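Single-letter residue listing:
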Amino acid sequence: MEFLKIKLYQETAVYRIPFSLEIVESYPLPTPCTVNGMIHSLLGADSLIPDLRFSIQGSHSGIMEDYQWYKKMSPAAGGTYSETKRPMVVNVLNGVTLMVHLGSKDHSLLEKILQTLNSPPYYPFLGRAEDLVEIVSAGFVQVNDPEIEEEYGQPAFVPKQLADSISISGTLYRLPLNYSYREIEKPGKKKESLSIIREFEWGDYFYIERPNIEEARIDEEGDPVWLEL
């Protein structure tokens, strides 16, 4: 099977963990939802593209603490807003190198993504808008059968079902895959007063720092692909 393989580099990155409040913590790698969002944005898609699958692996050279001002706006009397301002600690990844394999049954879609990556409509970013991403290379690769010799790959998010099937494990994460919008009624408000929220679809992944790729499928350049074909 043919996959679109993308190598990326970021000087800094924050892939924020939901519900990290007092200290903004980052996943060690971008989630499928984060990568999916970048692809949708570059394509200018206004609805969810179905059947896109991602194998995500990579590493970073270190973590630093950054300090940022966060503002919270609250409704006040007279239709105005009050502002609360406070500093927050943000854990920032440095020197991030990523390798992403994209899979889809629609090969023309992958070709369109490759064309967009080669000539993006704006300077791409991944995670925060200020964390620009360099597209080091992008192209199609064939995926081969598993290797028979023991070998270890770079840190990766591996779907739990796949990891269980080849007897590898690591730190378990529940990662966002994609989301949709839904309208809900505001508490204590009239029915015609609605809020729009995002509802996420989640998936279980192991983060494995040195995955044994002995039974993983390997692309033609010798890199593992952490997807069930």
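My aim in this report is to walk through the structure given alongside it, one point at a time. Computed from a predicted model, the values in this text were never measured in an experiment.

A few words now on the packing of aromatic side chains. Any two aromatic rings considered together are summarised by their centre-to-centre distance and by the angle between their planes. Counted by the stated rule, this structure contains seven aromatic pairs. Aromatic side chains F157 and Y205 sit 6.4 Å apart centroid to centroid with 70° between the ring planes, which places their arrangement in the edge-to-face category. Of the two residues, F157 is situated in strand β7 (residues 156-159) and Y205 in strand β9 (residues 194-208); the sequence distance between them amounts to 48 residues. Like Y205, F157 is buried. Ring geometry for F157 and Y207: centres 5.8 Å apart, planes at 70°, overall edge-to-face. Taken as a pair, F157 in strand β7 and Y207 in strand β9 lie far apart in primary sequence, 50 residues in all. Of the two residues, F157 and Y207, neither departs from the other in class, the shared state being buried. Sitting above the plane of the W69 ring, K85 keeps its charged end 4.9 Å from the centroid.

Take helix α1 (residues 32-43) next. Since one α-helical turn is 3.6 residues long, residues separated by three or four positions face the same way. Counted at 1.5 Å a residue, the expected span for α1 with its 12 residues is 16 Å, and the 16 Å between its end C-alpha atoms agrees. Burial analysis of α1 places nine of its 12 residues in the buried class, the great majority of the element. Inspection of α1 places P32, C33, V35, N36, M38, I39, H40, L42 and L43 among the buried residues, and these make up the whole buried set. Lining the buried residues of α1 we find β1 (2-13), β3 (53-59), β5 (81-103), α2 (107-118), β8 (171-185) and β9.

This brings us to unusual backbone geometry. Even without being a glycine, D51 presents a positive backbone phi close to 65°. Note that D51 resides in the loop between α1 and β3. At S167, a position not held by glycine, the phi torsion is positive, near 60°. Within the element layout of this structure, S167 appears in the loop between α3 (160-165) and β8.

Alignment of β1 against β5, held across nine bridges, turns out to be antiparallel. Paired with K7 across the two strands is M99, which belongs to β5. With two bridges joining them, strand β2 (residues 23-24) and β5 adopt parallel strand pairing. Bridging from a neighbouring strand, V24 pairs with V90 of β5. Examined bridge by bridge, β3 and β5 share seven bridges and lie antiparallel to one another. In the strand pairing of β5, I56 is matched with V100. Hairpin geometry of strand β4 (residues 62-75) and β5 is characterised by an intervening segment of five residues between the two adjacent antiparallel strands and by a positive phi of about 75° at G78.

Take a nonpolar patch on the surface next. Judged by side-chain polarity, Y179, Y181, I196, F200 and W202 come together as a nonpolar surface patch covering roughly 530 Å² of accessible area. Of all the secondary structure elements, the ones that give two or more residues to the nonpolar patch are β8 and β9. Structurally, Y179 is set in strand β8. Take Y179: its relative accessible area is 32%, and that puts it in the partly exposed class.

The next subject is the pairing of β1. In terms of strand pairing, β1 meets strand β6 (residues 134-144) through eight bridges, oriented antiparallel. For F3, the partnering residue across the bridge sits in β6 and is V141.

With that settled, consider α2. Taking 1.5 Å as the rise per residue, α2 with 12 residues should run 16 Å; its terminal C-alpha atoms sit 17 Å apart, in good agreement. Of all the positions in α2, only L109, L110, I113, L114, T116 and L117 are classed as buried. Here the buried residues of α2 occupy an arc of 165° about the axis, which is enough to place them on one side. When the buried face of α2 is taken as reference, the exposed residues oriented beyond 90 degrees from it are Q115 and N118. Buried positions along α2 lie against β1, α1, β5 and β6.

Another aspect to go through is the environment of R217. Tracing the chain through its elements places R217 in strand β10 (residues 217-219). A relative accessible area of 32% places R217 in the partly exposed class. The spatial distance from the C-alpha of R217 to the C-alpha of D145 is 5.3 Å, given a sequence separation of 72 residues.

Parameters and conventions
Residues numbered from 1 in each chain as written. Predicted model: local features only at pLDDT ≥ 70, side-chain atom pairs only at ≥ 80, totals over all residues. Heavy atoms only, no water. Phe/Tyr/Trp six-rings, centres within 6.5 Å; stacked < 30°, edge-to-face > 60°. Helix = DSSP H or I, 4+ residues; strand = E, 2+ residues; numbered from the N terminus. Buried < 20%, exposed > 50% of the residue type's maximum accessible area, 1.4 Å probe, protein only. Lys NZ or Arg CZ within 6 Å of the ring centre and 35° of its normal. Expected span 1.5 Å × (residues − 1). Contact = heavy atoms within 4.5 Å. Pairing = 2+ DSSP bridges. Patch = residues over 30% accessible without salt bridge, like charges linked within 9 Å, V, L, I, M, F, W, Y side chains within 5 Å. Areas by Shrake-Rupley, 256 points an atom, 1.4 Å probe, with all protein chains shown as cover. Salt bridge = Lys/Arg side-chain N within 4 Å of Asp/Glu carboxyl O. Arc of directions from axis to C-beta.

Note that all results are geometric; they support no functional claim without further evidence.
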